[in-house]
Amino acid sequence: MTIHLSNVVAGPLQSAGDACTLRPFLHTDFSRSPSPVVMVDHFVMTKATAVPQPHAGSCAATLLLEDAKGVMQCRDSEGNDHAAQAGDLHWTVAGAGLLQTQQPVGPARLNGLRIVLNLPDRLKSLSPAVSLLRAWEMPVIQTSAGRTRTRVVAGSHGGWQSPLAAPEALMILDGWLRPGATQLLPLPPGWNAWVYAVQGDLGVRARHCLSGAPPLPKRQEGDPDFAVLHAGSALVASAPSADDEGVLLMMAGKAPAHYVLVAGPAVDEPVFRHGAVVMASQRALTRALAAHEAGDFGTMRQDQAV
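Below, the structure is looked at part by part. (Residues numbered from 1 in each chain as written. Predicted model: local features only at pLDDT ≥ 70, side-chain atom pairs only at ≥ 80, totals over all residues. Heavy atoms only, no water.)

Moving on, we come to the packing of aromatic side chains. Counted by the stated rule, this structure contains four aromatic pairs. Ring geometry for Phe 25 versus Phe 30: centroids 6.4 Å apart, planes at 20°, classification stacked. Its relative accessible area of 2% is what places Phe 25 among the buried residues. Relative to Tyr 196, the ring of Trp 194 lies with its centre 5.5 Å away and its plane at 10°, an arrangement referred to as stacked. The burial state of Trp 194 is the same as that of Tyr 196; both residues are buried. Chaining the aromatic ring pairs together yields one cluster made of Phe 25, Phe 30, Trp 194 and Tyr 196. (Phe/Tyr/Trp six-rings, centres within 6.5 Å; stacked < 30°, edge-to-face > 60°. Buried < 20%, exposed > 50% of the residue type's maximum accessible area, 1.4 Å probe, protein only.)

Shown next as structure tokens:
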């Protein structure tokens, strides 16, 4: 199998007043589709910044990184009220639609990733379901010398399984590499992986399979099998459907590297999106937005929205 790497995209740093900074990534930013990933925001939030947002036809995963400070209050029109803290994952299967807000409570510096994943059209009418996975519930894989450390946020890796229940196969890894350390990450056939460098310089090499596969031919513009991600940048690795499992080799440079990987089977359907409302046609998107305006996604009291 041949793994293809996309272009490297440096997320533009944006400001939402004095309360929040964002590095946004859209699926259209990359030369290869990151499906099922539709959009990702790397945020640092210190105060409430937004009104409740509609979600439908998608799953939303908010991963607070381990250096987050304070509490993120996560409320929705289904009546859920969760207090997420450092290392936690707030998980939403939006399905047929709901409203949701996520805001800091009291003094806080919330550092995390907001990930929107496409649901196949056959699952877009699921009833909404929301849960909170605590950091202590996630398996942590650490080498004996401590050169690599990996939190298995979703899916399975290295023989360990996250307890998160997702409607489709999914893998989310939150990993650290010490200077000069390397790590092999298998990529199943038909899967795409979105890889983001949170900190440090991260080398990503496509190994294609564990052994025996020749490298791709060199091109004048560089090595198509290798890329370097600087902090705040991302790429996509795509594994076309085949019998063999491919492998990504992750490498840290002279400083520690921190990355987040989100991978899953490609959803081979069109994407029509308005925020976290994700549909397979413009007609379906128009209907979903009309349903939201009509109140079909539920309502939130004023004290829930802030």
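Turning next to the state of the cysteines. When the sulfur atoms of two cysteines share a covalent bond, that bond is a disulfide. Scanning the model with the defined rule gives zero disulfides in all. Here Cys 20 stays unpaired: no disulfide links it, and the sulfur of Cys 74, its closest cysteine neighbor, is 14 Å away. (Disulfide = S-S within 2.5 Å.)

The subject of this paragraph is the side chain of Gln 183. Residue position: Gln 183 is located in strand S18 (residues 182–187). Under the relative-accessibility criterion, Gln 183 is labelled buried at 8%. A distance of 2.7 Å separates polar atoms of two side chains, one belonging to Gln 183 and the other to Thr 150. With sequence-adjacent residues up to four places away left out, Gln 183 is seen in contact with Thr 148, Thr 150, His 157, Leu 177, Leu 248, Leu 249, Met 250 and Tyr 259. (Helix = DSSP H or I, 4+ residues; strand = E, 2+ residues; numbered from the N terminus. Polar contact = N/O pair within 3.5 Å; in protein donor to acceptor, adjacent residues only side chain to side chain. Contact = heavy atoms within 4.5 Å.)

A few words on the nonpolar core. Leu 89, Trp 91, Leu 117, Ile 172, Trp 194, Val 260 and Val 262 are the most contacted members of the largest nonpolar core, which has 31 residues in total. Within the residue set of this core, elements represented by two or more residues are strand S5 (37–45), strand S7 (58–64), strand S10 (89–93), strand S11 (98–118), strand S14 (148–154), strand S19 (191–199), strand S22 (233–238) and strand S24 (257–265). Ignoring anything within four residues of it in the chain, the contact list for Val 262 reads Val 37, Ile 115, Leu 117, Leu 170, Met 171, Ile 172, Asn 192, Ala 193 and Trp 194. In this structure, Ile 3, Leu 187, Ala 227 and Leu 229 belong to the second largest nonpolar core, which totals 28 residues. (Core = buried A, V, L, I, M, F, W, Y, C linked by side-chain atoms within 4.5 Å.)

Another aspect to go through is the sheet that holds S18. What the four strands build is an open sheet, ordered S18-S23-S20-S21; its pairing is antiparallel. Where the open sheet ends on each side, the last strands, each with one partner, are S18 and strand S21 (226–229). Each adjacent strand pair in this sheet contributes to an overall mean axis angle of 25°, direction not counted. Bridge analysis of strand S20 (residues 202–206) against strand S23 (residues 246–252) gives five bridges, and the strand direction is antiparallel. By the bridge assignment, Leu 202 is partnered in S23 with Ala 252. (Pairing = 2+ DSSP bridges. Axes fitted to C-alpha atoms, helices over the stretch in contact; angles between N-to-C directions.)

Computed from the structure, the largest pocket encloses a volume of approximately 590 Å³. Contributing to the lining of the largest pocket are 23 residues, with Asp 41, Ala 50, Gln 53, Gln 102 and Arg 114 lying nearest its centre. Secondary structure elements with two or more residues in the lining of the largest pocket: strand S4 (20–26), S5, strand S6 (53–56) and S11. Counting residues per element, the lining of the largest pocket draws most heavily on S11, which supplies six residues. Within the lining of the largest pocket, the residues separate by chemical class into twelve nonpolar, nine polar and two charged. Approximately 170 Å³ is the volume found for the second largest pocket. Around the second largest pocket, the lining residues are Ala 56, Gly 95, Ala 96, Asp 121, Lys 124, Ser 125, Met 279, Ala 284, Arg 287, Ala 288, Ala 291 and Phe 297. The element that contributes the greatest number of residues to the lining of the second largest pocket is helix H1 (residues 282–293), accounting for four residues. Here the lining of the second largest pocket is built from residues that sort into seven nonpolar, two polar and three charged. (1 Å grid on protein atoms, 1.4 Å probe; cavity = no way out; pocket = protein on both sides within 12 Å on 5 of 7 lines; lining within 4 Å. Points joined across faces, edges and corners; volume = space filled by probe spheres on them. Nonpolar A, V, L, I, M, F, W, Y, C, P; charged D, E, K, R; others polar.)

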